[in-house]
Amino acid sequence: MASRGEPVWTQAQRDQNRECNVRARNVFAVADGDEWSDRTVTGTFDSILISPAYPVTGGRSATLTYTTFYRQEAPQKGWVLISYDGAAAVSVRTYTADVPSRTETVTLQVLAGATSARVRFRYTGGNNWYWVIDGVRISQV
């Protein structure tokens with residue numbers, strides 16, 4: 001689900017603190033196990049948001065920055081994963097507790113020889129809470 005700034009998602013259900021998503025602006029991504037489970041479904045909610053490829057220079061550090069708002073309830077889990085040049089993604093951050101709306105920064109050690117990086121945000125759960133992502137970028141100095 002995505003929002004274009006309209007109050008659709010923030011007003012989906014009262015008393016779930018969606019209105020506290022104060023850092024995201026305009027279009028943002030939402031993985032919402034709670035809203036998903038309000039429909040007739042089977043299995044486990046499993047969502048992956050994959051970024052476009054960012055140019056990087058191998059062997060140097062880079063900075064991953066994004067805005068997040070994460071509400072936790074077991075067995076839900078969130079991962080931030082990075083892959084270089086299409087290789088297998090590796091976890092650089094895991095979410096297992098509430099995180100208020102804020103900007104996160106992760107220092108990345110870019111693999112030698114790498115020329116591109118993609119970020120994956122993976123959220124699994126069921127009738128749990130949600131994860132909001134916005135403003136994803138990778139930069140090198």
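Criteria and cut-off values
- Residues numbered from 1 in each chain as written.
- Predicted model: local features only at pLDDT ≥ 70, side-chain atom pairs only at ≥ 80, totals over all residues.
- Heavy atoms only, no water.
- Helix = DSSP H or I, 4+ residues; strand = E, 2+ residues; numbered from the N terminus.
- Buried < 20%, exposed > 50% of the residue type's maximum accessible area, 1.4 Å probe, protein only.
- Contact = heavy atoms within 4.5 Å.
- Core = buried A, V, L, I, M, F, W, Y, C linked by side-chain atoms within 4.5 Å.
- Pairing = 2+ DSSP bridges.
- pLDDT = per-residue confidence, 0-100.
- Phe/Tyr/Trp six-rings, centres within 6.5 Å; stacked < 30°, edge-to-face > 60°.
- Lys NZ or Arg CZ within 6 Å of the ring centre and 35° of its normal.

## Re the overall build of the protein chain
Within the protein chain, the secondary structure is distributed over one helix and ten strands. Taken from N to C terminus, the helices and strands of the protein chain fall in the order β-β-α-β-β-β-β-β-β-β-β. In the protein chain, which comprises 141 residues, the share counted as buried stands at 42%. Long-range contacts, defined here as pairs at least 24 residues apart, represent 77% of the contacts in the protein chain between residues at least 6 apart.

## As for the nonpolar core
Grouped together as the largest cluster of nonpolar side chains are 24 residues, with contacts concentrated most on Leu 64, Tyr 66, Val 80, Tyr 84, Leu 108, Trp 131 and Ile 138. Counting only elements with at least two residues in this core, the list comes to strand 5 (61-70), strand 6 (77-84), strand 8 (99-109), strand 9 (116-125) and strand 10 (130-139). If you look at the next biggest cluster of nonpolar residues, it comprises six residues, including Val 30, Phe 69, Trp 129 and Tyr 130.

## As for unusual backbone geometry
In this structure, Pro 75 follows Ala 74 across a cis peptide bond, with omega equal to 10°. Examined against the element boundaries, Pro 75 turns out to sit in the loop between strand 5 and strand 6. Positive phi, close to 50°, is recorded for Asp 85, a residue that is not glycine. Residue classification places Asp 85 among the partly exposed residues on the basis of a relative accessible area of 41%.

## Brief notes about the pairing of strand 9
In terms of burial, strand 9 is a largely internal element, seven of the ten residues being buried. Inspection of the sheet shows strand 3 (residues 45-50) paired to strand 9 by six bridges, in the antiparallel sense. In the strand pairing of strand 9, Asp 46 is matched with Thr 124. Bridge count between strand 4 (residues 54-55) and strand 9: two bridges; the pairing is antiparallel. Paired with Pro 55 across the two strands is Ser 116, which belongs to strand 9. Where strand 6 lies against strand 9, eight bridges are found, and the strand directions are antiparallel. In the sheet register, Gly 78 faces strand 9, and the bridge partner there is Tyr 123.

## Topic: the confidence of the model for the protein chain
When pLDDT is averaged along the protein chain, the result is 83; 79% of the residues meet or exceed 70. Note on residues 1-12: pLDDT is under 50 here. Beyond four places in sequence and across chains, it has 22 contacts.

## Quick look at the packing of aromatic side chains
Taken as a whole and assessed by the stated rule, the structure comprises eight aromatic pairs. Here the aromatic rings of Tyr 66 and Phe 121 are separated by 5.1 Å at their centres, their planes lie at 70°, and the arrangement is edge-to-face. In this pair, Tyr 66 is assigned in strand 5 and Phe 121 in strand 9, connecting sequence segments 55 residues apart. Residue Tyr 66 is classed as buried on the basis of its relative accessible area, which comes to 1%. Since its relative accessible area comes to 4%, Phe 121 is described here as buried. Feature note: the residues Tyr 66, Tyr 70, Tyr 95, Phe 121 and Trp 131 constitute an aromatic cluster, connected by ring pairs. The lysine or arginine in question, Arg 71, covers the ring of Trp 129, its NZ or CZ lying 3.9 Å from the ring centre.

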